Each structure stands twice: as C-alpha cells, then as structure tokens.
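# Architecture at a glance
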Amino acid sequence: MSSPAGNADRRFARETGPARVIADLAEPVLAELGFRLVRVKISGRDGGTVQIMAERPKGGMSVDDCAAISRALSPVLDAYDPMPGRYRLEVSSPGIDRPLVRPSDFALWAGHEAKVELSELVDGRKRFRGVIEGIAKDEVRLKIALDGAAEPVVIGLPFALIAEAKLVADLASVKADLAGKKPAH
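Model, not experiment: these values are computed from the prediction. (Residues numbered from 1 in each chain as written. Predicted model: local features only at pLDDT ≥ 70, side-chain atom pairs only at ≥ 80, totals over all residues. Heavy atoms only, no water.)

## A closer look at the nonpolar core
Filter applied, for reference: Buried Ala, Val, Leu, Ile, Met, Phe, Trp, Tyr and Cys residues form a nonpolar core when they are joined through side-chain atoms within 4.5 Å. Classification of residues uses two cut-offs on accessible area relative to the type maximum, computed with a 1.4 Å probe and protein chains only: under 20% is buried, over 50% is exposed, and between them is partly exposed. Helix and strand assignments come from DSSP, with helices taken as H or I runs of at least 4 residues and strands as E runs of at least 2, each series counted from the N terminus. We call two residues in contact whenever any of their non-hydrogen atoms come within 4.5 Å of each other.
The biggest cluster of nonpolar side chains holds 21 residues, and the ones touching the most others in it are L30, V40, I52 and I69. The element that contributes the greatest number of residues to this core is helix α2 (residues 17-33), accounting for 7 residues. Setting aside anything within four residues of it in sequence, one finds L30 in contact with F35, R36, L37, I52, A54 and I69. Counting residues in each nonpolar core, the second largest holds 19 residues, with V116, F128, I144 and F159 among its members.

As structure tokens, then:
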C-alpha cells in the first residue's frame, strides 16, 4: 500500500503516444539523478523537438543540471529510439507559469492563482481559474468566483479529472522567480 506522501508525489498528468514512451524512459533516469519529471512535450519546432521539463523535489535547478540530464537521457533515447527521424532534445525547468502535475505541487503553491482544465465537464464546465486553497483526499481545493455568488467559493476538483493545470504568472511571481525564490502569498 502506498503512503500519502508517495501519492502526493505521483504525477497525475500523463502523456500519450510517443511522449508517454519518452516519459516512461525518462522518469527512472531522472530519479537516479535526483530529479522529478514534470512533463514531456513533443513539437515540430526546429525539425522536431522533445522537451523534457524536470525539477529537483525541493526546487531549484541550474543550467548544469539541465546539461547533466541531457547527457544521461540522450543515450537512453538513442537506444530505444522512441521518436521517428531526427529531433532535438531540450531539457528545461518549470517557469513562473509552471505546470502543476502532482498533488504536492498544489500543496506547495497554495495561495497562488492557477488555471485548471478538466478532461470532462463538472457543473457544466471544464475550465476553472482561482486561488489554490490546498488539497484534500483526491482533489485540489480551488477558490473561484461564481456567476451570481457574492463571495468566492471553494470547490474541489478531482485529480483524476485534471487534464492540464498551471500557475498563473503575476508580477510578484516574476520578481520572485528572478530572485530565485518562491513568492509568499
């Protein structure tokens, strides 16, 4: 049986197709180096780009870290050849509008604004924007403004239904990111 802490670190965001294959190859390599996978994104940019977004569990990542990840992943990707043709491998860290891919991301960024898109309708909508209040059981708690409501309300959105979520960048976040620290809210 898994622990609550383990569940808070398990990614609920899952890639599909070749990006899923690359994510499955990348996660153990990243874990061995002391990093966590945030996401894999494949684009046709520059003749084909595979972007691996990673982070340290406690935050912070340097250009040298990105280079080390690239050096460790390149031979694995070359050996398994999950992408047809040539592509460029790009390793990066999450930015100020970082994707939220784990329950622990929502817990860490409580008090900050986020956009959440669901895979299916909840109360007639798929897109929500609000302030993260935290997590409870298997859902994120989000304070949102509802049409007709005098005050914002806190709703729960199940992690199992989240298709995509990310922080909303604001001036305080930009300044804190440039200073290399998480902004207080």
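## What to know about the pairing of strand β4 (residues 113-122)
Cut-off, in case you're wondering: One requirement defines pairing of two strands: DSSP has to find at least two bridges between them.
Sheet analysis places β4 next to strand β5 (residues 125-136), joined by 6 bridges and oriented antiparallel. If you follow A114 over to β5, its bridge partner there is G130. Bridging between β4 and strand β8 (residues 162-167) involves 5 bridges; their strand directions are antiparallel. The residue bridging A114 from the neighbouring strand is L167, located in β8.

Any functional reading would require information that these geometric values do not contain.
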